[in-house]
Amino acid sequence: MDVPYQIRTHDQYLEAYRAAAEDPEVFWADVARHFRWRRTWDSVLEWNFTDPQVRWFHGAKLNITENCLDRHLDARGSQPALIFEPNDPGSPSQILTYRELHFRVMQFAQVLKNNGVQKGDRVCLYMGMIPELPIAVLACARIGAVHSVIFGGFSAQSIADRVNDAQAALVVTCDGSLRGAKEVPLKPVVDEALGACPSVQKVVVYAHTGTPVSMKKGRDLWWADEIERVNAMGNPFVEAEEMDAEDMLFILYTSGSTGKPKGVVHTCAGYMVWTNYTFINAFQYRPGDVHFCTADIGWITGHSYLLYGPLSAGATTVMFEGIPTWPDAGRLWDIVDRHRVSILYTAPTAIRSLMGFGLEPIAGKSLTSLRVLGTVGEPINVEAWNWYGTHIGGGRCPVVDTWWQTETGGVLISNLAGVTPAKATFATLPMPGVDPVLVDEQGEEIAGNDVSGNLCIRKPWPGMLRTTYGDHERCRQTYFSAYPGMYFTGDGCLRDRDGHYRITGRVDDVLNVSGHRIGTAEVENALNMHAGVVESAVVGVPHGIKGQGIYAYVVYRGGIDDANQIRRDIAATVSRVIGPIAKPDAIQLVNGLPKTRSGKIMRRILRRIAEGETANLGDTTTLLDPGVVDEVAAGRIPI
Ligand code: PRX
């Protein structure tokens, strides 16, 4: 694909940044015309951040799968689109060319149609990292159904919450998934969830592990049987549904500082343009590149940079079913060598965990196919940044630190590999079209350099969220009300002397554990579901590998004969309610929580105690019962 909008020099970046700021409509129309449209737009951008309402390419018609698949068939139909690396290193990898992927997507699109799924219907996917997941995702997009992928580690309760919020008509799942030496059951978890999900008519089950599962008559169907039915119908050319630019493409649930996870909504055209533009520019994609994003498709990174970004660019994308430390800590490097990976995109937590194994797992690996390294998901510490660049990149590969969020659809702040300067621990500079603003607590803009504040974005960019599903007011409240007229990211940020941005972490009650976003309120709700828990408070605590760990203070009712057993039971409750990723690293049983006279929990104090600061806890005179603090501090559990 000819990509005239690829930025190749620092000056071109400055020029693109200026042009996008000065006249975004002209700039983005110029990018967008390189895609395949059924009809072009009447207007490029209409927006206000009050409602908020944002429309990109209004009036245009398209289907994103024609851009990710059909348009590549002539030039690169026999090029690998997807390389699948299975969990078991002894099993052969699977390669799907663009032509094969196109075919498989159409087959499954027909399966969805045969089962009554129509444009606009919601389909939830709860699967392992196997090719059938992207096939099902793209099949939804092909027929205009809205996909909502649920991370395969979430609990039955979390599935039910999401399926009900989305009012999904159909669920796609597997018998189970493979993660290292473990087999994770999926279908039984779906069965448990669906008892409370009346909207679901059908469940399509892909047999992956071969473990027997129960199939409910009239509701559950085997993937293979359904494909056979399609094959019996003849050649399944499923015409892509014509979508409006602003029709919903997907919902992805993510945690916030309050309440249940919200369904972030992305729409067809803007998301497509943004993921493609940022993929090509941040990673400096070149035709022939093999791109390996280690993220799970259950998170936004998998959506944007394992699937839509690379496929819309005609790249070869690698998908890995297993985990980086199995059968040993050299697994990722084996994959890089075996598939000649040129771009590797992973999370700081994975780098830190692999660093812990020393250099032995890298010995004997070539890694010479690598050209660009990327990180995402959390702040990267300088040691991890250096280790990655030196030992994995051989000192020759630029490291891009890409900052973005589920809500932003794609990268907002990042260096462009080898084109704009890299700086350890800094995401550095905004992408063209992104206008970052630092504000103080009063909402005043903090101008100039060498300053820090809360990070907002002043102007719309094509990939931004449009709403939170079924609750537009929540979208307004969460993102557009703290600083009127701006999108509030929830992140703290500093801008250094050179005008480079460094994200310092969340300033709200959202934790980032191994790059996974978890709301403290969500964990507290789960803790409180344990029969013995009266009240709880959760804070984040620095963790050497995970970035942040979860520290829970729990007021427990009843006798404490065996504190360890109680802690294990409480942790199991959290696992059952949310999923193992939300399990606290420490649970401290306390008699009371430090509260103000108005009843507000003093999290600041709890955070400091969890961090190991038990002496200088600041002003405690406003507390209802200052004695509580000493008790809590004395019982601190070191992590
Ligand atoms: O705090 C920021 C952190 O991850 C949050 C977004 O999480 P999520 O929506 O799950 O998306 C993660 C993948 C895009 C942000 O608010 N974050 C993400 N990337 C970085 C980061 N923090 C520092 N540096 C990054 N590169």
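**Brief notes about the nonpolar core**
In terms of nonpolar packing, the biggest core is built from 168 residues, with Trp28, Trp37, Phe57, Phe108 and Tyr308 touching the most fellow members. Residues in contact with Phe108, not counting those within four places in the same chain, are Ile135, Ala136, Ala139, Val172, Val204, Trp223 and Ile227. Judged by nonpolar contacts, the second largest core, of 26 residues, contains Ile351, Leu370, Tyr388 and Val399.

**Here's the deal with the site of the ligand**
Around the ligand sit 17 residues, and of these Asp401, Thr402, Thr406, Asp491 and Arg517 come closest. Backbone polar atom of Thr402 to a nitrogen atom of the ligand: 2.8 Å apart, as the coordinates give it. One of the side-chain nitrogen or oxygen atoms of Arg517 is found 2.7 Å away from an oxygen atom of the ligand. Here the ligand loses 95% of its free accessible area of 540 Å² to cover by the protein chains.

**Quick look at the pairing of strand β4 (residues 80–85)**
Every other side chain in a regular strand lies on the same face of the sheet, so the side chains alternate between the two faces. The buried fraction of β4 is high, at five of six residues. Bridge count for β4 against strand β17 (residues 316–320) is four bridges, and the pairing is parallel. Within β17, the position partnered with Phe84 by the bridge is Met319.

**Some words on the pattern of salt bridges**
Two side chains with opposite charge may pair up if their charged atoms get near one another. The tally for this structure, following the rule as stated, stands at 37 salt bridges. Notably, a salt bridge pairs Glu46 with Arg55, separated by 2.8 Å at the nearest N-O pair. Residue Arg55 is classed as partly exposed on the basis of its relative accessible area of 27%. As a salt-bridge pair, Lys595 and Glu535 come within 2.7 Å of each other at their nearest N and O atoms. With Lys595 in the loop between β30 (586–590) and α18 (603–610) and Glu535 in strand β28 (residues 533–543), this pair connects stretches of sequence that are 60 residues apart. On the accessibility criterion, Lys595 (21% relative accessible area) is partly exposed. The exposure class assigned to Glu535 is partly exposed, which follows from its relative accessible area of 25%. Through salt bridges with shared partners, one network takes in Arg38, Glu66, Glu239 and Glu242.

**Section: the packing of helix α5 (residues 98–114) against helix α6 (residues 132–143)**
Between α5 and α6, whose axes approach to 8 Å, the crossing angle comes to 65°. Between α5 and α6, the angle is such that the two are roughly perpendicular. For the pair α5 and α6, the crossing hand works out as right-handed. Within the contact between the two elements, α5 uses Leu101, His102, Arg104, Val105, Met106, Phe108, Ala109, Leu112 and Lys113 and α6 uses Glu132, Ile135, Ala136, Leu138, Ala139, Cys140, Arg142 and Ile143. Along the lines of polarity and charge, the residues of the contact of α5 with α6 split into twelve nonpolar, one polar and four charged.

**As for the sheet that holds β17**
The strand order across the open sheet formed by seven strands is β5-β4-β17-β16-β18-β19-β20, and the pairing between neighbours is mixed. Two strands lie at the open edges of the sheet, namely β5 (94–97) and β20 (399–402), each paired on one side alone. Neighbour to neighbour, the strand axes of the sheet diverge by 20° on average, direction disregarded. Of the strand pairs in this sheet, β4 and β5 are connected by four bridges, and their pairing is antiparallel. Bridged to Ile83 within β5 is Ile95.

**Some details on helix α1 (residues 10–22)**
Over its 13 residues, α1 extends 18 Å from the first C-alpha to the last, a length consistent with the 18 Å expected when each residue adds 1.5 Å. Turning to α1, its buried residues are Tyr13, Ala16 and Ala20. The buried residues of α1 occupy an angular sector of 65° when projected down its axis, which confines them to one face. Exposed and oriented more than 90 degrees from the buried face of α1 are Asp11 and Glu22. Taken together, the buried residues of α1 touch α2 (24–32) and α10 (268–282).

Calculation criteria
Chains are numbered independently. Their residues run from 1 in the order of the written sequence. Only residues with pLDDT of at least 70 get local features here, since the model is predicted, and only at 80 or more are side-chain atom pairs given and counted; chain-wide, interface and lining totals rely on the full set of residues. Here the side-chain values reflect all heavy atoms present in the structure, with hydrogen atoms and water set aside. Think of a nonpolar core as a cluster: buried Ala, Val, Leu, Ile, Met, Phe, Trp, Tyr and Cys residues, connected wherever their side-chain atoms sit within 4.5 Å. Exposure is judged per residue with a 1.4 Å probe applied to protein chains only, and the accessible area is read against the type maximum: over 50% gives exposed, under 20% gives buried, and values in between give partly exposed. Contacts are residue-level and defined by heavy atoms, with any inter-residue pair within 4.5 Å sufficient. The criterion for a residue being near a molecule or strand is simple. One of its heavy atoms has to lie within 4 Å of it. Nitrogen and oxygen atoms within 3.5 Å of one another constitute a polar contact, given that in protein one can donate a hydrogen and the other can accept it, and given that sequence-neighbouring residues count only through two side-chain atoms. In short, Shrake-Rupley with a 1.4 Å probe defines the accessible areas, and a residue's cover is counted only from the protein chains shown. Comment: elements are numbered from the N terminus, with helices defined as DSSP H or I runs of at least four residues and strands as E runs of at least two. A strand pair is defined by DSSP finding two or more bridges across the two strands. Salt bridges are identified by distance alone: a Lys or Arg side-chain nitrogen within 4 Å of an Asp or Glu carboxyl oxygen. In this analysis an axis means a line fitted to C-alpha atoms, helices contributing only their contacting stretch, and an angle means the value between N-to-C directions, from 0 to 180 degrees. With respect to orientation, any angle under 35 degrees is reported as roughly parallel, any angle over 145 as roughly antiparallel, any angle of 65 to 115 as roughly perpendicular, and every other angle as oblique. For any pair of crossing helices, the crossing counts as left-handed if the nearer helix is rotated counterclockwise from the farther one by less than a right angle, and right-handed if it is rotated clockwise. Gly falls in the polar group here, along with every residue not listed as nonpolar (Ala, Val, Leu, Ile, Met, Phe, Trp, Tyr, Cys, Pro) or charged (Asp, Glu, Lys, Arg). Expected helix span is taken as 1.5 Å per residue step, with the number of steps being one fewer than the number of residues. Along the arc lie the directions from the helix axis toward the C-beta atoms.

Everything listed here is a matter of coordinates, which is why it stays silent on function.
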